[in-house]
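Secondary and tertiary structure notes
Spelled out, the chains give:
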Amino acid sequence: MAEVIFTLLMLVMLQAVLGFDNLLYISLESKKAPIDEQKRVRKVGILIAIVLRIVLLFVLVSVIEYFQEPFSFLTGEIKDVFKFAFNGHSIIVLAGGGFIIYTAIKEIWHMISTSDLSHDVESDGGAKRSKSANAAIVSIVIMNLVFSFDSILAAIGLTSDLENSTTAFIVMAIAIVASGLLMLLLADKISVFLAKNRMYEVLGLFILFIVGIMLITEGGHLAHLKIFGNEIVPMSKTTFYFVIAVLVIVDIVQGRYQKKLIKEEIAKK
């Protein structure tokens with residue numbers, strides 16, 4: 001019993017830590033929906049994702065070996081240039097990473113672009129909304145599943161020592177629901193924070209960009225990619241969190257320095 005409780009606590013902590021980038025994506029994606037629908041988009045998206053995570057967990061437990069084995073038709077090499085052995089896991093992670101990078105770059109470009117400023121404000125004075133509520137929910141659910149794929153595989157690894165497979169499944173399901181409810185609790189708070197501190201949107205998008213890079217390197221490693229004989233090495237979680245910490249510190253220092261310069265300019269006048 002003690003082992004089960006300890007494993008459950010470890011899983012909840014793991015899901016919470018790995019869910020940070022997911023929360024960030026949810027907050028940024030929900031902003032594309034109409035203002036009066038954003039809160040509903042976050043809640044419905046997370047609730048649907050929790051249910052689908054349980055389904056995904058059941059599927060992975062049943063067919064995990066098929067996700068790990070390379071596909072014969074996607075295995076090969078180009079003489080001394082490119083070598084690959086794609087499996088289901090690598091394809092999902094690579095696709096998710098590529099989409100996140102695309103989304104981050106698109107949003108960053110939109111922020112710095114001046115060509116469409118006249119179209120960025122609607123008649124009600126609000127920011128431009130590029131998606132319907134349902135489209136935003138679908139995006140949140142899909143990316144939630146991509147983010148959860150690795151965490152579920154890690155959960156399966158953590159519960160592999162439990163003797164009873166049914167107990168292991170229940171423990172993983174409880175951890176998924178608990179982490180989902182935590183996301184539900186924090187999603188609105190993060191969205192409100194970003195709305196009140198819009199300068200941190202850029203930081204959030206660059207964090208998403210790094211998340212995409214991490215997923216791409218992980219997917220490349222899972223696919224046994226070798227380019228000119230050099231194997232793709234996945235970005236470690238330690239490196240990822242170090243980069244995020246540096247980005248946050250730089251953003252805070254830059255913000256304070258900018259305020260100092262503004263005060264100096266005002267004092268001169």
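No experiment lies behind these values; they were computed from the predicted model shown.

Re the overall build of the protein
The helix and strand inventory of the protein stands at 8 helices and 4 strands. Going residue by residue from the N terminus, the α and β elements of the protein occur as α-α-α-β-β-α-α-α-α-β-β-α. Pairs at least 24 residues apart make up 79% of the contacts formed inside the protein by residues separated by at least 6 positions. Put simply, the protein shows about 15,500 Å² of open surface, and 69% of that area lies on carbon and sulfur atoms.

Some points on the pairing of strand 2 (residues 82–85)
As judged from the 4 bridges shared by strand 1 (residues 75–78) and strand 2, these two strands associate in the antiparallel manner. Within strand 2, the residue paired with Glu77 across the bridge is Lys83.

Notes on a nonpolar patch on the surface
A cluster of nonpolar side chains, namely Ile48, Val51, Leu52, Val55, Phe58 and Val59, defines an oily patch on the protein surface of about 480 Å² accessible area. Here Ile48 is to be found in helix 3 (residues 38–68).

Quick word on the packing of aromatic side chains
Enumeration over the complete set of coordinates arrives at 3 aromatic pairs. Members of the aromatic cluster, connected to one another through ring pairs, are Phe82, Phe84 and Phe86.

A word on the confidence of the model for the protein
Considering every residue of the protein, the mean pLDDT works out to 76; 78% of them sit at 70 or more. At the level of individual helices and strands, the protein shows its lowest average pLDDT in helix 1 (residues 2–18), which scores 67, and its highest in strand 3 (residues 226–227), which scores 88. This stretch, residues 116–129, has a pLDDT under 50; its non-local contacts, to residues over four places away or in other chains, come to 14 contacts.

Considerations on the pattern of salt bridges
Using the criterion set out here, one finds 3 salt bridges in the structure. For Glu37, the salt bridge identified is with Arg40, shortest N-O distance 2.7 Å. For Glu37, a relative accessible area of 25% translates into the label partly exposed. Here Arg40 falls in the partly exposed class, since its relative accessible area comes to 37%. A salt bridge links Arg42 to Asp188, with the shortest nitrogen-to-oxygen separation between them at 2.8 Å. Within this pair, whereas Arg42 is found in helix 3, its partner Asp188 is found in helix 6 (residues 165–196), the two being separated by 146 residues in sequence.

Here's the deal with the sheet that holds strand 2
Backbone-to-backbone hydrogen bonds pair the strands of a sheet. The strands run either parallel or antiparallel. Here 4 strands make up an open sheet; going across it, the order is 1-2-3-4 and the pairing antiparallel. Bordering the open sheet on either side are strand 1 and strand 4 (230–231), each of which pairs with just one other strand. Taken together, the 2 bridges between strand 3 and strand 4 define a ladder with antiparallel strand orientation. By the bridge assignment, Ile227 is partnered in strand 4 with Asn230.

Things to note about the packing of helix 4 (residues 88–112) against helix 7 (residues 200–222)
Interhelical geometry of helix 4 versus helix 7 gives an angle of 155° and a closest axis separation of 8 Å. It follows that helix 4 is roughly antiparallel to helix 7 by the angle criterion. The element helix 4 and its partner helix 7 pack so that their crossing is left-handed. Of the residues belonging to the contact of helix 4 with helix 7, the class tally is 18 nonpolar, 8 polar and 3 charged.

Cut-offs applied
- Residues numbered from 1 in each chain as written.
- Predicted model: local features only at pLDDT ≥ 70, side-chain atom pairs only at ≥ 80, totals over all residues.
- Heavy atoms only, no water.
- Helix = DSSP H or I, 4+ residues; strand = E, 2+ residues; numbered from the N terminus.
- Contact = heavy atoms within 4.5 Å.
- Areas by Shrake-Rupley, 256 points an atom, 1.4 Å probe, with all protein chains shown as cover.
- Pairing = 2+ DSSP bridges.
- Patch = residues over 30% accessible without salt bridge, like charges linked within 9 Å, V, L, I, M, F, W, Y side chains within 5 Å.
- Salt bridge = Lys/Arg side-chain N within 4 Å of Asp/Glu carboxyl O.
- Phe/Tyr/Trp six-rings, centres within 6.5 Å; stacked < 30°, edge-to-face > 60°.
- pLDDT = per-residue confidence, 0-100.
- Buried < 20%, exposed > 50% of the residue type's maximum accessible area, 1.4 Å probe, protein only.
- Axes fitted to C-alpha atoms, helices over the stretch in contact; angles between N-to-C directions.
- Parallel < 35°, antiparallel > 145°, perpendicular 65-115°, else oblique.
- Left-handed = near helix turned anticlockwise from the far one by under 90°.
- Nonpolar A, V, L, I, M, F, W, Y, C, P; charged D, E, K, R; others polar.

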